[in-house]
Every structure is written in C-alpha cells, then in structure tokens.
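One-letter residues, chain by chain:
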Amino acid sequence: MKRPILIHPDPRLKKVCTPVDDITGELSTLADDMLETMYDAPGIGLAAPQIGVLQRLIVLDCVKEEGAAPQPLVMFNPEIVASSDETNVYEEGCLSIPDQYAEVTRPAEVEVAWIDQQGNPQKQTFDKLWATCVQHEIDHLNGKLFIDYLKPLKRQMITRKMQKLKRERARA
Ligand SMILES: [Zn+2]
C-alpha cells in the first residue's frame, strides 16, 4: 500500500527516530509499503519519518539503468560503522523536498551495519550513488535533511518554496 510522503517543513522530519527492537509483521509490511511508495514516486531511497513513522527504518534501491534488475534493500537500525576520508559530490534531491536539488559532499565510501527484513544482521560497504543515498537516508533518522548541508540563505530559499508548495496543495 502506498503511503503519503511528508513535505518539508514538518516537525516529524526533524526528530531523532527510535531504534526497532523486533521486526514484527507490521514493521515488515511497513517496509514493503515504503518500497512501493519509493518506486512509485519515483525515488531511490525513503526513510520511515518521511511517511510519519518515527522508527529507524530505511529502504533504498539505487539501480537506475533501464531494464536492470531491481536491488531493493530494507534496513532496520542502519548504522555507519566506517567512512572513507575520500569524498564524493552528488546533486541530491529528496522526496520530502520535491524538485529541489543541490550538491552535497559526503564520504565516498561507507560501511553500514543493519538488520534486514528477516531479522538478520548485515554489513556491507557502499560506494558511488549507493554511499550517498544510504547516508542521506540515515540522516533522515536523525532529523537531518540534505538542505542542512547548504548555506543558510539557500536553505531558507528552498524552505520558503516548500511552504508555498504546501499552501498550494492545501488549497487544491
Ligand atoms: Zn530525503
């Protein structure tokens, strides 16, 4: 089932999310719903707070090539356990900040530990777009958005555009 995505600014996007103790059937369904919502948007990552659930859960799939097999990843309690000194710059966007993009510098490689949908611990190193995406999504679990990396003026400009968008959507 598709879920509505919250648009910035929203207090729920600024909260530190709670760790998940137990992967219940309900949480597993939530993860499936998040994947459906992400693919439909379309996007390459989605964090639970973006649909108003303040728990540490993210989903991602950075396969973008036409016709390539999807590689959905579901991560409960994801944690960056190591980051490279080398950095990478990507133009980032966010499903909670539609149509706004900006370059963000982040570590080029990160090692991430998480619990998968079956409840098994996993650990993997990500690079390129996957590294940026997983860091962007984990930031969401700590109430941080990609625009928080931008200069205040640019951030305020984007926030104002989003406030306007929300007013327009509320009227529609
Ligand atoms: Zn985002």
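Along each chain, numbering runs from 1 in the same order as the chain's sequence is written. Residues qualify for local features only when their pLDDT is at least 70, as the model is predicted, and side-chain atom pairs are given and counted only at 80 or more; totals for whole chains, interfaces and linings, by contrast, use all residues. Based on all heavy atoms of the structure, the side-chain values leave hydrogens and waters out of the count.

**Student:** Would you take a moment to explain the state of the cysteines for this structure?
**Tutor:** Working definition of a disulfide: a covalent bond connecting the sulfur atoms of two cysteines. Cysteine sulfur atoms that pair up within 2.5 Å are treated as a disulfide. For the structure on display, the rule yields zero disulfides. The cysteine cysteine 133 is free of any disulfide, with cysteine 62 supplying the nearest cysteine sulfur at 3.7 Å.

**Student:** Explanation requested: the packing of aromatic side chains in the structure shown.
**Tutor:** Any two of the Phe, Tyr and Trp rings considered here, Trp counted by its six-membered ring, make a pair once their centres fall within 6.5 Å; the pair's planes then place it as stacked at under 30 degrees, edge-to-face at over 60, or tilted in between. Taken as a whole and judged by the stated rule, the model has two aromatic pairs. Their ring planes at 40° and their centres at 6.0 Å tell us that tryptophan 114 and phenylalanine 126 sit as a pair that is tilted. Remark: phenylalanine 126 occurs in strand S7 (residues 121-126) and tryptophan 114 occurs in strand S6 (residues 110-115); sequence separation between them is 12 residues. With respect to class, tryptophan 114 is no different from phenylalanine 126; both count as buried. Put simply, the rings of Trp114, Phe126 and Trp130 touch in pairs and so form one group of aromatic residues. A cation sits over an aromatic face here: lysine 144 above tyrosine 149, 4.3 Å from the ring centre. Numbering of helices and strands starts at the N terminus; helices are DSSP runs of H or I of at least 4 residues and strands are runs of E of at least 2. A simple rule labels every residue: compare its accessible area, found with a 1.4 Å probe on the protein chains alone, to the largest value its type can have, and call it buried under 20%, exposed over 50%, or partly exposed in between. Think of it as a cone above the ring: NZ of Lys or CZ of Arg counts as a charge over the ring if it is within 6 Å of the ring centre and within 35 degrees of the ring normal.

**Student:** Looking at this model, I keep getting lost on the nonpolar core. Mind explaining?
**Tutor:** The tendency in soluble globular proteins is for nonpolar side chains to be buried side by side. Working definition of a nonpolar core: buried Ala, Val, Leu, Ile, Met, Phe, Trp, Tyr and Cys residues. They are joined through side-chain atoms within 4.5 Å. Ranked by internal contacts, the top residues of the largest apolar core, which has 18 residues, are Ile58, Leu60, Leu73, Met75, Val112, Phe126 and Val134. Counting only elements with at least two residues in this core, the list comes to strand S2 (57-60), strand S3 (73-83), S6 and helix H2 (128-141). When residues in this core are grouped by element, the largest group, seven residues, is from H2. Only heavy atoms enter the contact rule, under which two residues are in contact if any of them lie within 4.5 Å. Phenylalanine 126 has contacts with Leu73, Met75, Ala108, Glu109, Val110, Val112, Trp114, Ala131 and Val134, leaving out every residue within four places of it along the chain.

**Student:** Honestly, the environment of threonine 132 in this entry has me stumped. Any pointers?
**Tutor:** Within the element layout of this structure, threonine 132 appears in helix H2. Placed 26 residues apart in sequence, threonine 132 and arginine 106 show a C-alpha to C-alpha distance of 6.7 Å. Once residues lying within four places of it in the same chain are set aside, the contact partners of threonine 132 are Tyr90, Glu92 and Arg106.

**Student:** What is the right way to read the sheet that holds S7 from this model?
**Tutor:** Backbone-to-backbone hydrogen bonds join strands into a sheet, with any given pair of strands oriented parallel or antiparallel. Across the sheet, which stays open at both edges, the five strands sit in the order S1-S2-S3-S6-S7 with antiparallel pairing between neighbours. Of all the strands in the sheet, the pair left with one neighbour each is strand S1 (45-47) and S7. Geometrically, the sheet is characterised by an average inter-axis angle of 40° between neighbouring strands, direction not taken into account. Inspection of the sheet shows S3 paired to S6 by five bridges, in the antiparallel sense. Pairing of phenylalanine 76 across the sheet is with isoleucine 115, part of S6. Geometry is summarised by axes, namely lines fitted to C-alpha atoms with helices restricted to the contacting stretch, and by angles between N-to-C directions that run from 0 to 180 degrees. Lying over the sheet, helix H1 (residues 25-40) contacts S1, S2 and S3, oriented at roughly 40° with respect to S2. A pair of strands counts as paired when DSSP detects no fewer than two bridges linking them.

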